[in-house]
Amino acid sequence: MAEQQQRGAVLVTGATGGIGAATVRALATRGFTVYAGARSATSLFKGVTGVRVVTLELSDSASIAAAAKQIAGEVKGLHAVVNNAGVIVQGPLELVPAEEWRRQFEVNTLGPATVIREFLPLIRSGAGRIVNVSAPTGQVAMPLLSALSASKAGLDSLSDALRLELAAWKIPVSVVVPGSTATAIFDKAGAAAKEAQSQAEQDRVRLYRAHLEAYEKANARFKPGPVEKVAETIARAVEARRPKRRYLVGDARSLSILTKLPAGLRDRVVAQALGLNRITPEARWPARRPWYSSAPPPALAGTRPVNSLAKVIGCSWSAVIPTAPPTWLANSPPRPSSPRTPL
Ligand SMILES: NC(=O)c1ccc[n+]([C@@H]2O[C@H](COP(=O)([O-])OP(=O)(O)OC[C@H]3O[C@@H](n4cnc5c(N)ncnc54)[C@H](OP(=O)(O)O)[C@@H]3O)[C@@H](O)[C@H]2O)c1
(Lines give C-alpha, C1' and ligand atoms only; values in the text may rest on other atoms or scores of the structure.)
Protein backbone atom coordinates (compact mmCIF):
# COMPACT_ATOMS: atom_id res chain seq x y z
CA MET A 1 0.00 0.00 0.00
CA ALA A 2 2.88 2.37 0.86
CA GLU A 3 4.34 1.68 -2.61
CA GLN A 4 0.94 2.40 -4.16
CA GLN A 5 0.66 5.71 -2.41
CA GLN A 6 4.16 6.60 -3.59
CA ARG A 7 3.20 5.98 -7.20
CA GLY A 8 -0.01 7.95 -6.84
CA ALA A 9 -3.64 7.52 -7.83
CA VAL A 10 -5.11 7.18 -11.30
CA LEU A 11 -8.72 7.39 -12.46
CA VAL A 12 -9.71 5.13 -15.37
CA THR A 13 -13.17 5.63 -16.90
CA GLY A 14 -15.02 2.76 -18.56
CA ALA A 15 -13.22 0.27 -16.35
CA THR A 16 -15.77 -2.52 -16.80
CA GLY A 17 -14.92 -2.97 -20.48
CA GLY A 18 -12.10 -4.68 -22.40
CA ILE A 19 -9.39 -2.00 -22.61
CA GLY A 20 -10.47 -0.21 -19.42
CA ALA A 21 -10.45 -3.36 -17.27
CA ALA A 22 -7.05 -4.40 -18.66
CA THR A 23 -5.69 -0.91 -17.99
CA VAL A 24 -6.90 -0.97 -14.37
CA ARG A 25 -5.08 -4.27 -13.85
CA ALA A 26 -1.92 -3.09 -15.62
CA LEU A 27 -1.75 0.06 -13.48
CA ALA A 28 -2.57 -1.75 -10.24
CA THR A 29 0.20 -4.26 -10.99
CA ARG A 30 2.61 -1.32 -11.39
CA GLY A 31 1.71 -0.10 -7.91
CA PHE A 32 -0.77 2.68 -8.64
CA THR A 33 -3.93 3.16 -6.64
CA VAL A 34 -6.57 2.88 -9.35
CA TYR A 35 -10.04 4.39 -9.24
CA ALA A 36 -12.00 2.22 -11.62
CA GLY A 37 -14.94 4.18 -13.08
CA ALA A 38 -18.04 2.00 -13.52
CA ARG A 39 -21.63 2.88 -14.27
CA SER A 40 -22.87 0.54 -11.59
CA ALA A 41 -21.51 -1.68 -8.83
CA THR A 42 -19.14 -4.36 -10.09
CA SER A 43 -17.24 -7.22 -8.48
CA LEU A 44 -14.78 -7.29 -11.42
CA PHE A 45 -11.85 -6.13 -9.28
CA LYS A 46 -12.72 -7.93 -6.09
CA GLY A 47 -9.47 -8.95 -4.44
CA VAL A 48 -7.27 -6.87 -6.80
CA THR A 49 -4.93 -4.84 -4.59
CA GLY A 50 -5.07 -1.09 -5.02
CA VAL A 51 -8.32 -0.92 -7.03
CA ARG A 52 -11.30 1.08 -5.81
CA VAL A 53 -14.49 1.18 -7.82
CA VAL A 54 -16.12 4.60 -8.24
CA THR A 55 -19.55 5.18 -9.76
CA LEU A 56 -19.25 7.17 -12.97
CA GLU A 57 -21.94 7.69 -15.60
CA LEU A 58 -20.55 9.92 -18.34
CA SER A 59 -23.90 11.13 -19.62
CA ASP A 60 -24.68 12.53 -16.17
CA SER A 61 -22.58 15.51 -15.07
CA ALA A 62 -23.85 15.16 -11.47
CA SER A 63 -22.40 11.64 -11.38
CA ILE A 64 -19.02 12.93 -12.62
CA ALA A 65 -19.03 15.75 -10.03
CA ALA A 66 -19.92 13.27 -7.26
CA ALA A 67 -17.03 10.98 -8.28
CA ALA A 68 -14.61 13.94 -8.19
CA LYS A 69 -15.86 14.90 -4.73
CA GLN A 70 -15.51 11.35 -3.46
CA ILE A 71 -11.94 10.97 -4.74
CA ALA A 72 -10.96 14.42 -3.47
CA GLY A 73 -12.00 13.21 -0.02
CA GLU A 74 -9.61 10.26 -0.28
CA VAL A 75 -6.44 11.50 -2.02
CA LYS A 76 -4.56 14.81 -2.23
CA GLY A 77 -4.07 14.67 -5.97
CA LEU A 78 -4.21 12.44 -9.03
CA HIS A 79 -1.23 11.21 -11.00
CA ALA A 80 -3.42 10.70 -14.08
CA VAL A 81 -6.92 10.64 -15.49
CA VAL A 82 -7.45 8.10 -18.26
CA ASN A 83 -10.53 8.90 -20.34
CA ASN A 84 -11.11 5.45 -21.72
CA ALA A 85 -14.90 4.92 -21.72
CA GLY A 86 -16.35 4.92 -25.20
CA VAL A 87 -19.08 3.58 -27.44
CA ILE A 88 -19.46 3.05 -31.17
CA VAL A 89 -22.61 4.28 -32.86
CA GLN A 90 -22.56 2.83 -36.35
CA GLY A 91 -24.65 2.93 -39.48
CA PRO A 92 -25.37 5.40 -42.30
CA LEU A 93 -26.11 8.86 -40.93
CA GLU A 94 -29.58 8.67 -42.45
CA LEU A 95 -30.40 5.66 -40.29
CA VAL A 96 -28.88 6.81 -37.00
CA PRO A 97 -31.51 8.41 -34.74
CA ALA A 98 -30.78 11.71 -33.01
CA GLU A 99 -30.65 10.15 -29.56
CA GLU A 100 -27.95 7.74 -30.73
CA TRP A 101 -25.93 10.68 -32.07
CA ARG A 102 -26.33 12.33 -28.68
CA ARG A 103 -25.21 9.18 -26.84
CA GLN A 104 -22.16 8.97 -29.09
CA PHE A 105 -21.06 12.49 -28.21
CA GLU A 106 -22.05 12.27 -24.55
CA VAL A 107 -19.83 9.27 -23.92
CA ASN A 108 -16.93 9.92 -26.33
CA THR A 109 -16.55 13.70 -26.29
CA LEU A 110 -18.67 15.64 -23.80
CA GLY A 111 -18.14 13.07 -21.01
CA PRO A 112 -14.32 13.29 -21.19
CA ALA A 113 -14.54 17.12 -21.33
CA THR A 114 -16.67 17.13 -18.16
CA VAL A 115 -14.38 14.61 -16.44
CA ILE A 116 -11.39 16.82 -17.21
CA ARG A 117 -13.18 19.92 -15.95
CA GLU A 118 -14.23 18.27 -12.68
CA PHE A 119 -10.90 16.53 -12.02
CA LEU A 120 -8.48 19.29 -13.06
CA PRO A 121 -8.06 20.64 -9.49
CA LEU A 122 -7.00 17.12 -8.39
CA ILE A 123 -4.77 16.68 -11.45
CA ARG A 124 -3.12 20.04 -10.79
CA SER A 125 -2.45 19.30 -7.12
CA GLY A 126 -1.10 15.85 -8.01
CA ALA A 127 1.19 17.23 -10.79
CA GLY A 128 -0.78 14.82 -12.92
CA ARG A 129 -1.55 14.23 -16.57
CA ILE A 130 -4.42 13.40 -18.91
CA VAL A 131 -4.58 10.39 -21.21
CA ASN A 132 -7.46 10.30 -23.70
CA VAL A 133 -8.25 7.08 -25.53
CA SER A 134 -9.26 7.94 -29.07
CA ALA A 135 -9.57 5.84 -32.25
CA PRO A 136 -8.15 5.85 -35.81
CA THR A 137 -11.50 7.30 -37.00
CA GLY A 138 -10.59 10.52 -35.16
CA GLN A 139 -8.10 11.25 -37.93
CA VAL A 140 -9.41 9.21 -40.82
CA ALA A 141 -13.19 9.45 -40.93
CA MET A 142 -14.96 6.28 -42.01
CA PRO A 143 -18.22 5.97 -43.91
CA LEU A 144 -21.02 4.33 -41.92
CA LEU A 145 -19.18 5.53 -38.82
CA SER A 146 -19.82 9.25 -39.14
CA ALA A 147 -21.02 9.61 -35.54
CA LEU A 148 -18.00 7.77 -34.13
CA SER A 149 -15.58 9.59 -36.44
CA ALA A 150 -16.97 13.01 -35.50
CA SER A 151 -16.93 12.21 -31.77
CA LYS A 152 -13.33 10.98 -31.81
CA ALA A 153 -12.19 13.86 -34.04
CA GLY A 154 -13.73 16.09 -31.35
CA LEU A 155 -11.79 14.26 -28.64
CA ASP A 156 -8.53 14.54 -30.64
CA SER A 157 -9.11 18.22 -31.22
CA LEU A 158 -10.03 18.86 -27.59
CA SER A 159 -6.80 17.09 -26.55
CA ASP A 160 -4.65 19.22 -28.86
CA ALA A 161 -6.20 22.45 -27.59
CA LEU A 162 -5.96 21.34 -23.97
CA ARG A 163 -2.28 20.43 -24.26
CA LEU A 164 -1.46 24.07 -25.00
CA GLU A 165 -4.02 25.39 -22.54
CA LEU A 166 -2.55 23.40 -19.66
CA ALA A 167 1.12 23.83 -20.60
CA ALA A 168 1.47 26.60 -17.99
CA TRP A 169 0.92 24.00 -15.26
CA LYS A 170 3.02 21.39 -17.09
CA ILE A 171 0.03 19.04 -17.35
CA PRO A 172 0.74 16.71 -20.28
CA VAL A 173 -2.14 15.59 -22.48
CA SER A 174 -1.64 12.37 -24.45
CA VAL A 175 -3.87 10.58 -26.91
CA VAL A 176 -3.71 6.81 -27.17
CA VAL A 177 -5.08 5.40 -30.41
CA PRO A 178 -5.77 1.68 -30.27
CA GLY A 179 -6.14 -0.22 -33.51
CA SER A 180 -8.79 -2.88 -33.82
CA THR A 181 -8.88 -4.60 -30.41
CA ALA A 182 -10.78 -7.66 -29.24
CA THR A 183 -13.47 -6.28 -26.93
CA ALA A 184 -17.26 -6.36 -26.69
CA ILE A 185 -17.57 -2.85 -28.17
CA PHE A 186 -18.38 -4.12 -31.68
CA ASP A 187 -21.12 -6.50 -30.54
CA LYS A 188 -22.70 -3.74 -28.47
CA ALA A 189 -22.53 -1.38 -31.47
CA GLY A 190 -24.00 -4.03 -33.78
CA ALA A 191 -26.91 -4.67 -31.42
CA ALA A 192 -27.65 -0.93 -31.04
CA ALA A 193 -27.50 -0.40 -34.83
CA LYS A 194 -29.80 -3.36 -35.42
CA GLU A 195 -32.30 -1.91 -32.99
CA ALA A 196 -32.06 1.57 -34.58
CA GLN A 197 -32.52 0.15 -38.07
CA SER A 198 -35.54 -1.86 -37.05
CA GLN A 199 -37.15 1.45 -36.03
CA ALA A 200 -36.09 3.30 -39.21
CA GLU A 201 -38.13 3.62 -42.42
CA GLN A 202 -37.55 0.30 -44.16
CA ASP A 203 -37.39 1.94 -47.62
CA ARG A 204 -34.39 3.91 -46.40
CA VAL A 205 -32.78 0.87 -44.77
CA ARG A 206 -33.10 -1.01 -48.10
CA LEU A 207 -31.18 1.76 -49.88
CA TYR A 208 -28.11 0.90 -47.84
CA ARG A 209 -28.28 -2.88 -48.02
CA ALA A 210 -25.19 -3.17 -50.20
CA HIS A 211 -23.28 -0.64 -48.08
CA LEU A 212 -24.08 -2.56 -44.91
CA GLU A 213 -23.04 -5.86 -46.47
CA ALA A 214 -19.78 -4.37 -47.72
CA TYR A 215 -19.09 -2.90 -44.29
CA GLU A 216 -19.68 -6.24 -42.57
CA LYS A 217 -17.38 -8.01 -45.02
CA ALA A 218 -14.65 -5.43 -44.55
CA ASN A 219 -14.98 -5.63 -40.76
CA ALA A 220 -14.63 -9.39 -40.84
CA ARG A 221 -11.19 -8.95 -42.43
CA PHE A 222 -9.84 -7.09 -39.38
CA LYS A 223 -7.80 -9.16 -36.95
CA PRO A 224 -8.37 -7.54 -33.56
CA GLY A 225 -5.33 -7.38 -31.30
CA PRO A 226 -5.23 -8.20 -27.57
CA VAL A 227 -6.43 -5.67 -24.97
CA GLU A 228 -3.22 -6.11 -22.99
CA LYS A 229 -1.18 -4.43 -25.73
CA VAL A 230 -3.35 -1.31 -25.52
CA ALA A 231 -3.34 -1.39 -21.72
CA GLU A 232 0.48 -1.55 -21.71
CA THR A 233 0.62 1.50 -23.97
CA ILE A 234 -1.80 3.43 -21.75
CA ALA A 235 0.34 2.47 -18.75
CA ARG A 236 3.41 3.77 -20.61
CA ALA A 237 1.64 7.09 -21.18
CA VAL A 238 0.74 7.20 -17.47
CA GLU A 239 4.30 6.39 -16.34
CA ALA A 240 6.51 8.17 -18.88
CA ARG A 241 8.62 11.03 -17.56
CA ARG A 242 7.91 12.88 -20.78
CA PRO A 243 4.72 11.40 -22.23
CA LYS A 244 4.26 11.55 -26.00
CA ARG A 245 1.44 13.49 -27.59
CA ARG A 246 0.17 10.47 -29.43
CA TYR A 247 0.60 6.73 -29.03
CA LEU A 248 -0.51 4.45 -31.86
CA VAL A 249 -1.20 0.79 -31.11
CA GLY A 250 -1.48 -2.17 -33.53
CA ASP A 251 -3.10 -1.46 -36.89
CA ALA A 252 -3.71 2.18 -35.87
CA ARG A 253 -0.13 2.65 -37.11
CA SER A 254 -0.83 1.52 -40.65
CA LEU A 255 -4.17 3.36 -40.75
CA SER A 256 -2.39 6.58 -39.80
CA ILE A 257 -0.57 6.47 -43.15
CA LEU A 258 -3.91 7.42 -44.71
CA THR A 259 -3.69 10.85 -43.07
CA LYS A 260 -0.66 11.58 -45.28
CA LEU A 261 -2.57 11.03 -48.54
CA PRO A 262 -4.24 13.81 -50.52
CA ALA A 263 -7.96 13.88 -49.64
CA GLY A 264 -9.18 12.62 -53.02
CA LEU A 265 -6.84 9.66 -53.04
CA ARG A 266 -7.65 8.89 -49.41
CA ASP A 267 -11.38 8.82 -50.22
CA ARG A 268 -10.75 6.35 -53.03
CA VAL A 269 -8.53 4.15 -50.91
CA VAL A 270 -11.09 4.07 -48.06
CA ALA A 271 -13.99 3.40 -50.44
CA GLN A 272 -12.03 0.58 -52.08
CA ALA A 273 -10.90 -0.90 -48.78
CA LEU A 274 -14.49 -1.04 -47.55
CA GLY A 275 -15.76 -2.32 -50.88
CA LEU A 276 -18.03 0.70 -51.31
CA ASN A 277 -16.58 1.36 -54.76
CA ARG A 278 -18.02 -1.95 -55.96
CA ILE A 279 -21.59 -1.13 -55.01
CA THR A 280 -23.75 -1.31 -58.10
CA PRO A 281 -25.73 1.76 -59.15
CA GLU A 282 -28.84 -0.30 -58.56
CA ALA A 283 -28.14 -0.40 -54.88
CA ARG A 284 -27.55 3.32 -54.81
CA TRP A 285 -30.77 3.96 -56.71
CA PRO A 286 -34.00 3.89 -54.72
CA ALA A 287 -35.61 0.49 -55.12
CA ARG A 288 -38.78 1.91 -56.62
CA ARG A 289 -38.73 5.27 -58.31
CA PRO A 290 -42.34 6.39 -58.86
CA TRP A 291 -41.79 7.43 -62.43
CA TYR A 292 -40.03 4.17 -63.30
CA SER A 293 -42.68 1.78 -62.08
CA SER A 294 -45.71 3.82 -63.08
CA ALA A 295 -45.13 5.46 -66.42
CA PRO A 296 -46.01 9.20 -65.96
CA PRO A 297 -42.85 11.32 -66.18
CA PRO A 298 -42.14 13.79 -63.40
CA ALA A 299 -43.72 17.23 -63.56
CA LEU A 300 -40.44 18.86 -64.56
CA ALA A 301 -40.04 16.76 -67.70
CA GLY A 302 -39.90 18.82 -70.87
CA THR A 303 -40.10 22.14 -69.01
CA ARG A 304 -37.96 25.11 -70.01
CA PRO A 305 -35.27 24.72 -67.29
CA VAL A 306 -34.85 21.07 -68.10
CA ASN A 307 -34.77 21.76 -71.85
CA SER A 308 -32.12 24.47 -71.33
CA LEU A 309 -29.99 22.17 -69.22
CA ALA A 310 -30.34 19.44 -71.83
CA LYS A 311 -29.27 21.88 -74.53
CA VAL A 312 -26.16 22.89 -72.57
CA ILE A 313 -25.03 19.29 -72.12
CA GLY A 314 -26.15 18.38 -75.67
CA CYS A 315 -28.85 15.78 -75.11
CA SER A 316 -32.61 15.45 -75.00
CA TRP A 317 -34.58 16.36 -71.87
CA SER A 318 -35.35 12.70 -71.17
CA ALA A 319 -31.65 12.13 -70.51
CA VAL A 320 -31.76 14.82 -67.81
CA ILE A 321 -34.97 13.53 -66.22
CA PRO A 322 -35.25 9.90 -67.27
CA THR A 323 -38.73 8.47 -67.69
CA ALA A 324 -37.53 4.89 -67.61
CA PRO A 325 -34.72 3.15 -65.79
CA PRO A 326 -31.39 3.62 -67.56
CA THR A 327 -30.26 0.54 -69.46
CA TRP A 328 -27.57 -0.32 -66.94
CA LEU A 329 -30.23 -0.48 -64.26
CA ALA A 330 -32.88 -2.21 -66.36
CA ASN A 331 -30.39 -4.93 -67.35
CA SER A 332 -28.81 -5.51 -63.98
CA PRO A 333 -29.81 -8.76 -62.26
CA PRO A 334 -32.20 -8.46 -59.30
CA ARG A 335 -30.54 -8.35 -55.92
CA PRO A 336 -31.04 -11.35 -53.63
CA SER A 337 -33.91 -10.74 -51.27
CA SER A 338 -32.65 -12.99 -48.47
CA PRO A 339 -32.74 -11.30 -45.08
CA ARG A 340 -29.40 -9.93 -43.98
CA THR A 341 -28.10 -9.20 -40.56
CA PRO A 342 -28.06 -5.43 -40.29
CA LEU A 343 -25.00 -3.91 -38.63
N1 LIG B 1 -11.95 -2.08 -29.24
C2 LIG B 1 -11.42 -1.42 -30.27
O3 LIG B 1 -11.16 -2.00 -31.35
C4 LIG B 1 -11.10 0.03 -30.14
C5 LIG B 1 -10.40 0.67 -31.19
C6 LIG B 1 -10.11 2.00 -31.09
C7 LIG B 1 -10.49 2.72 -29.97
N8 LIG B 1 -11.16 2.10 -28.96
C9 LIG B 1 -11.55 2.92 -27.79
O10 LIG B 1 -11.14 2.29 -26.60
C11 LIG B 1 -12.01 2.67 -25.54
C12 LIG B 1 -12.46 1.42 -24.78
O13 LIG B 1 -13.20 0.62 -25.66
P14 LIG B 1 -13.38 -0.96 -25.48
O15 LIG B 1 -13.12 -1.56 -26.79
O16 LIG B 1 -12.66 -1.46 -24.30
O17 LIG B 1 -14.97 -1.01 -25.26
P18 LIG B 1 -15.87 -1.79 -24.22
O19 LIG B 1 -15.29 -3.11 -23.90
O20 LIG B 1 -17.25 -1.73 -24.77
O21 LIG B 1 -15.78 -0.86 -22.93
C22 LIG B 1 -16.32 0.41 -22.93
C23 LIG B 1 -16.41 0.93 -21.51
O24 LIG B 1 -17.03 2.22 -21.55
C25 LIG B 1 -18.08 2.20 -20.61
N26 LIG B 1 -19.18 3.11 -20.94
C27 LIG B 1 -20.03 3.06 -22.00
N28 LIG B 1 -20.96 4.02 -21.89
C29 LIG B 1 -20.70 4.69 -20.74
C30 LIG B 1 -21.31 5.77 -20.08
N31 LIG B 1 -22.41 6.37 -20.57
N32 LIG B 1 -20.77 6.20 -18.91
C33 LIG B 1 -19.68 5.60 -18.39
N34 LIG B 1 -19.06 4.56 -18.96
C35 LIG B 1 -19.56 4.11 -20.13
C36 LIG B 1 -18.58 0.78 -20.61
O37 LIG B 1 -19.37 0.55 -19.46
P38 LIG B 1 -20.55 -0.56 -19.49
O39 LIG B 1 -19.84 -1.87 -19.40
O40 LIG B 1 -21.36 -0.21 -18.29
O41 LIG B 1 -21.28 -0.37 -20.78
C42 LIG B 1 -17.26 0.04 -20.62
O43 LIG B 1 -16.73 -0.02 -19.32
C44 LIG B 1 -13.17 3.44 -26.18
O45 LIG B 1 -12.95 4.83 -26.01
C46 LIG B 1 -13.05 3.07 -27.66
O47 LIG B 1 -13.56 4.07 -28.51
C48 LIG B 1 -11.48 0.78 -29.01
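Figured I'd write up the structure that's included with this text. These numbers were taken from a predicted model, which means no experiment stands behind them.

### Description of the overall build of the protein
Helix and strand counts for the protein come out as 16 helices and seven strands. Counting only residues that meet the buried cut, the protein has 37% of its 343 residues in that class. Considering only residue pairs separated by 6 or more positions, the protein has 71% of its internal contacts joining residues 24 or more positions apart.

### A short note on the sheet that holds strand β4 (residues 80–83)
Read across the open sheet, the seven strands follow the order β3-β2-β1-β4-β5-β6-β7; overall the sheet is parallel. Single-partner strands in this sheet number two, and they are β3 (51–55) and β7 (246–249). Going from strand to strand, the sheet's axes swing by 20 degrees on average, the running direction of each strand aside. One ladder, built from four bridges, connects strand β6 (residues 173–178) with β7; its direction is parallel. Residue V175 lies in a different strand from β7, and its bridge partner there is R246. Against the sheet, helix α5 (residues 146–165) touches β5 (129–133) and β6, its axis set at about 155 degrees to β6.

### Let's talk about the site of the ligand
In the region of the ligand, 27 residues are neighbours, and G14, G17, L58, G86 and T183 sit closest. For the shell around the ligand, the secondary structure elements donating two or more residues are α2 (18–29) and α6 (185–199). It is α2 that provides the largest number of residues to the shell around the ligand, a total of three residues.

### Some words on unusual backbone geometry
In this model, A127 sits at a positive phi of 45 degrees, which is unusual for a non-glycine residue. For A127, the location among the structural elements is in the loop between α4 (98–125) and β5.

### Some details on the environment of A237
For A237, the position within the fold is in helix α9 (residues 227–239). Using a count of 23 C-beta atoms within 10 Å as the deciding quantity, one classes A237 as buried. When the C-alpha atoms of A237 and V173 are compared, they prove to be 9.4 Å apart, with 64 residues separating the residues in sequence.

### Focus on the packing of helix α3 (residues 61–72) against α4
Their axes nearest at 9 Å, the elements α3 and α4 cross at an angle of 20 degrees. When the axes of α3 and α4 are compared, the pair comes out roughly parallel. Between α3 and α4 lies a crossing of right-handed hand. Counted together, S61, I64, A65, A68, I71 and A72 of α3 and T114, V115, E118, F119 and L122 of α4 form the full contact between these two elements. Classifying every residue of the contact of α3 with α4 gives eight nonpolar, two polar and one charged.

### Observations concerning α4
In this model α4 runs 39 Å from its N-terminal to its C-terminal C-alpha over 28 residues, within 8% of the 40 Å that 1.5 Å per residue would give. The sharpest bend along α4 comes to roughly 55 degrees, located at F119, with the proline P121 sitting one to four residues further on. Within the span of α4, buried status applies to Q104, V107, N108, T109, G111, P112, V115, I116, F119, L122 and I123. Each element contacted by the buried residues of α4 is listed here: β1 (9–12), α3, β4, β5 and α5. Two residues or fewer after α4 comes A127, characterised by a positive phi angle close to 45 degrees.

### Thoughts on the nonpolar core
Grouped together as the largest cluster of nonpolar side chains are 76 residues, with contacts concentrated most on V10, V24, V34, A36, V81, V82 and I234. V81 has contacts with L11, V115, I116, F119, I123, G128 and I130, leaving out every residue within four places of it along the chain.

Reading the values: rules and limits
Residues numbered from 1 in each chain as written. Predicted model: local features only at pLDDT ≥ 70, side-chain atom pairs only at ≥ 80, totals over all residues. Helix = DSSP H or I, 4+ residues; strand = E, 2+ residues; numbered from the N terminus. Buried ≥ 20, exposed ≤ 12 C-beta atoms within 10 Å, placed from the backbone. Contact = placed C-beta atoms within 7 Å. Pairing = 2+ DSSP bridges. Axes fitted to C-alpha atoms, helices over the stretch in contact; angles between N-to-C directions. Near = placed C-beta within 6 Å. Parallel < 35°, antiparallel > 145°, perpendicular 65-115°, else oblique. Left-handed = near helix turned anticlockwise from the far one by under 90°. Nonpolar A, V, L, I, M, F, W, Y, C, P; charged D, E, K, R; others polar. Expected span 1.5 Å × (residues − 1). Bend = angle between axes of the 7 residues up to and from the residue. Core = buried A, V, L, I, M, F, W, Y, C linked by C-beta atoms within 7 Å.

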